[in-house]
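Remarks on the overall topology
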Amino acid sequence: MVFRVLELFSGIGGMHYAFKYAQLDGEIVAALDVNTVANAVYAHNYGSNLVKTRNIQSLSVKEVTKLQANMLLMSPPCQPHTRQGLQRDTEDKRSDALTHLCGLIPECQNLQYILMENVKGFESSQARNQFIESLERSGFHWREFILTPTQFNVPNTRYRYYCIARKGADFPFAGDKIWEEMPGAIAQNQALSQIAEIVEENVSADFLVPDDVLTKRVLVMDIIHPAQSRSMCFTKGYTHYTEGTGSAYTPLSEDESHRIFELVKEIDTSNKDAPKSEKILQQRLDLLHQVKLRYFTPREVARLMSFPEDFEFPPETTNRQKYRLLGNSINVKVVGELIKLLTIK
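Residues numbered from 1 in each chain as written. Predicted model: local features only at pLDDT ≥ 70, side-chain atom pairs only at ≥ 80, totals over all residues. Heavy atoms only, no water.

As recorded by an unreviewed UniProt entry, the chain carries the name tRNA (cytosine(38)-C(5))-methyltransferase and is attributed to Drosophila simulans. Reading the Sequence similarities (unreviewed entry) entry of the UniProt record for the chain gives the comment "Belongs to the class I-like SAM-binding methyltransferase superfamily. C5-methyltransferase family." (UniProt positions renumbered as here; feature names shortened; annotations may be inferred.)

So, on to the sheet that holds strand E10 (residues 248-249). Reading across from one edge, E9-E10-E11 is the order of the three strands in this open sheet, with mixed pairing throughout. Here the strands that pair on one side only, and so sit at the sheet edges, are strand E9 (223-224) and strand E11 (294-295). (Pairing = 2+ DSSP bridges. Helix = DSSP H or I, 4+ residues; strand = E, 2+ residues; numbered from the N terminus.)

With that out of the way, let us pick up the packing of helix H4 (residues 96-104) against helix H5 (residues 126-137). One can describe the packing of H4 onto H5 by two numbers: an axis separation of 9 Å at closest approach and a directional angle of 15°. Accordingly, the angle class assigned to the pair H4 and H5 is roughly parallel. Judged by the sense of rotation from one axis to the other, the crossing of H4 with H5 is left-handed. Within the contact between the two elements, H4 uses Leu 98, Thr 99, Leu 101 and Cys 102 and H5 uses Ala 127, Gln 130, Phe 131, Ser 134 and Arg 137. Residue composition of the contact of H4 with H5, by class: five nonpolar, three polar and one charged. (Axes fitted to C-alpha atoms, helices over the stretch in contact; angles between N-to-C directions. Parallel < 35°, antiparallel > 145°, perpendicular 65-115°, else oblique. Left-handed = near helix turned anticlockwise from the far one by under 90°. Contact = heavy atoms within 4.5 Å. Nonpolar A, V, L, I, M, F, W, Y, C, P; charged D, E, K, R; others polar.)

With that settled, consider the nonpolar core. Counting residues in hydrophobic clusters, the biggest one holds 75 residues, and the most contacted among them are Leu 115, Phe 145, Ile 164, Leu 293, Phe 296 and Leu 338. Ranked by the residues each element gives to this core, the list is headed by helix H11 (residues 332-343), at seven residues. Structurally, this core is a two-domain feature, drawing no fewer than three residues from each of domain 1 (3-187 + 330-343) and domain 2 (201-296). Residues Ile 56, Ile 114, Ile 132 and Cys 163 belong to the second largest nonpolar core, which totals 33 residues. (Core = buried A, V, L, I, M, F, W, Y, C linked by side-chain atoms within 4.5 Å. Buried < 20%, exposed > 50% of the residue type's maximum accessible area, 1.4 Å probe, protein only. Domains from an automatic or database assignment.)

A few words now on helix H7 (residues 254-270). Relative to the 24 Å expected for 17 residues at 1.5 Å per residue, H7 spans 24 Å between its end C-alpha atoms, a close match to the ideal helical length. For H7, the full list of buried residues reads Ser 257, Ile 260, Phe 261, Val 264, Ile 267 and Asp 268. Angular distribution of buried residues about the axis of H7 spans 105°; they occupy a single face of the element. In H7, the exposed positions that point more than 90 degrees away from the buried face belong to Asp 255, Glu 266, Thr 269 and Ser 270. Buried residues in H7 make contact with E9 and helix H8 (278-289). (Expected span 1.5 Å × (residues − 1). Arc of directions from axis to C-beta.)

Let us now look at the pattern of salt bridges. For the coordinates displayed, the defined rule picks out 12 salt bridges. Ionic pairing is found between Arg 54 and Glu 63, a salt bridge with its closest N-O pair at 2.9 Å. When its relative accessible area of 22% is taken as the criterion, Arg 54 is described as partly exposed. Taking the relative accessible area as the measure of exposure, Glu 63 reaches 28% and is therefore partly exposed. Between Lys 340 and Glu 337 there is a salt bridge whose closest N-O contact spans 3.5 Å. Taken together, the residues Lys 340 and Glu 337, both in helix H11 and three residues apart, mark about one turn of the helix. (Salt bridge = Lys/Arg side-chain N within 4 Å of Asp/Glu carboxyl O.)

Across the sheet, which stays open at both edges, the eight strands sit in the order E3-E2-E1-E4-E5-E7-E6-E8 with mixed pairing between neighbours. One side of each edge strand has no neighbouring strand; the edge strands of this open sheet are strand E3 (51-53) and strand E8 (178-179).

Right, let's talk about H5 for a bit. For H5, with 12 residues, the first-to-last C-alpha span of 17 Å sits near the 16 Å given by 1.5 Å per residue. Three or more residues of H5 are buried, namely Ala 127, Arg 128, Phe 131, Ile 132, Ser 134 and Leu 135. Along the axis of H5, the buried residues cluster in a sector spanning 155°; they form a single face. For H5, the secondary structure elements touched by its buried residues are strand E4 (71-74), H4, strand E5 (113-119), strand E6 (141-147) and strand E7 (160-166). Within two residues after H5, Gly 139 carries a phi angle of roughly 85°, on the positive side.

What follows covers unusual backbone geometry. Phi angles above zero are rare outside glycine, and Gln 23 is one such case at about 55°. Within the element layout of this structure, Gln 23 appears in the loop between helix H1 (14-22) and strand E2 (26-33). On the basis of relative accessibility, which here comes to 70%, the residue Gln 23 falls in the exposed class.

With that out of the way, let us pick up the packing of aromatic side chains. All chains considered together, the criterion is met by 16 aromatic pairs. Seen in terms of ring centroids, Tyr 17 and Phe 311 are 5.8 Å apart; in terms of plane orientation they differ by 90°. Their pairing is edge-to-face. Of the two residues, Tyr 17 sits in helix H1 while Phe 311 sits in the loop between helix H9 (298-304) and helix H10 (319-327), which places them 294 residues apart along the sequence. Of the residues examined, Tyr 17 reaches a relative accessible area of 6% and is grouped as buried. An aromatic cluster of three or more residues is present, and its members are Tyr 17, Tyr 42, Tyr 46, Phe 307, Phe 311 and Phe 313. The side chain of Arg 143 reaches across the aromatic face of Phe 173, ending 5.6 Å from its centre. A cation sits over an aromatic face here: Lys 177 above Trp 179, 3.9 Å from the ring centre. (Phe/Tyr/Trp six-rings, centres within 6.5 Å; stacked < 30°, edge-to-face > 60°. Lys NZ or Arg CZ within 6 Å of the ring centre and 35° of its normal.)

Below, the structure written as structure tokens:
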């Protein structure tokens, strides 16, 4: 089969790169998203003919039929289901697009394959139930997963919900559970890559953690060393918020940085009952500077999300925008492997 792929909530093109990763015969026939900044990035990498700034609720059966799309790849808004959000589920207006698609899918006879990604937590939502009901009404076989890139040799933790669905032959593995590993689990037998493998050389001092953050927040930061094989999930708030938005990097070994942090703690302990003098504060800051702590660059974050080296941002995209867009995107390798699984005979 030649695949004609409709990419919805297309963002910066993660699903497009995942389809290319899967090396299937076919093409993306259209990509739709409401975010104009994301669409500019998509157009920069794939040309402006594919991507359209469109509200998904305006998509019609007639348009999908005209495109002759037989595969649907999508990553609907996760905010209605996130731990930090209000978890209003289908009552959240950002769920309206998915609700619209649940009504559309049964009417689109050409659709044979669907892959959907969302945040962990979606699996227990009303929106998930609505989506599964739509698949069953349409005659799809479906399977659900909660997976993270560390299961695919990528040193980044990013647990996400995935659903793959297809018409015709059922999948050759059980469907009575949410899979927390790939069937066969071959990927988990590989050694994880080290962070040193994705780090850029000669990174600008602009990425150093600012002094005010070093002074007040460094002890709550997740700090990664070159020989480690892990990093936190990067969110759209990376660099803007300190805690829970992604890891920071030091070129020092774990032992070297531990020694410095022990000296910092000694200063804190010996002066805990008295206001610190300017001299002591400076002494503490000078020690912290030795850690050379910096944020991961957008290129490094893109690598941890398995985007290829030829992926680029347009020159006008700010670092803040890059982090937001990457934080809202997908892991290309994980989705690419799932597309292979979706289409396996």
